[in-house]
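Remarks on the overall topology
One letter stands for each residue in the lines below.
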Amino acid sequence: MKRKNYSKEFKFQAISLILFDKHPVRFVSKQLEVHENTLYRWVSEYEKYGERAFPGHGSREFASQTEVKRLEKENKKLKEELELLKKFQVFLKQNHMEFMVTFKQRER
């Protein structure tokens, strides 16, 4: 079964019915044909994030998790690049010493 997507406006209207118009969650759930647990989650996200709740598609929690995963992946890549640069730095120091010895021998 395909997951339903609700617009940000729809979610805010549903939340408004519950928080400001004081309708019971069960009543709003039946009227809008949205599961009660979904409405509770929307209310919770609204109380936590206010007007910034529900950015783009999906919930704010999902967006946060996606951002964390992206940052973890980027962090891993940067650590690998740093290790490579450290190894290259050691390589350059070793070759610089060899170059200097060779260069001084040629000057003689």
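Quantities reported herein were computed from a predicted structural model and do not represent experimental measurements.

Right, let's talk about the packing of helix 1 (residues 8-19) against helix 3 (residues 36-49) for a bit. At their nearest, the axes of helix 1 and helix 3 sit 10 Å apart, and the two run at 90 degrees to each other. Taken together, helix 1 and helix 3 sit at an angle that is classed as roughly perpendicular. Residues F10, K11, F12, A14, I15, I18 and L19 of helix 1 pack against L39, W42, V43, Y46 and E47 of helix 3. Its residues assigned to classes, the contact of helix 1 with helix 3 comprises ten nonpolar, no polar and two charged.

Our focus in this paragraph is the pattern of salt bridges. Applying the stated criterion across every chain yields a total of six salt bridges. Between R26 and E36 there is a salt bridge, with the nearest N and O atoms lying 3.4 Å from each other. Placement of the pair is R26 in helix 2 (residues 25-32) and E36 in helix 3, with a sequence separation of ten residues. Through salt bridges that share partners, E67, R70 and E74 make up one connected network.

Calculation rules
Residues numbered from 1 in each chain as written. Predicted model: local features only at pLDDT ≥ 70, side-chain atom pairs only at ≥ 80, totals over all residues. Heavy atoms only, no water. Axes fitted to C-alpha atoms, helices over the stretch in contact; angles between N-to-C directions. Helix = DSSP H or I, 4+ residues; strand = E, 2+ residues; numbered from the N terminus. Parallel < 35°, antiparallel > 145°, perpendicular 65-115°, else oblique. Contact = heavy atoms within 4.5 Å. Nonpolar A, V, L, I, M, F, W, Y, C, P; charged D, E, K, R; others polar. Salt bridge = Lys/Arg side-chain N within 4 Å of Asp/Glu carboxyl O.

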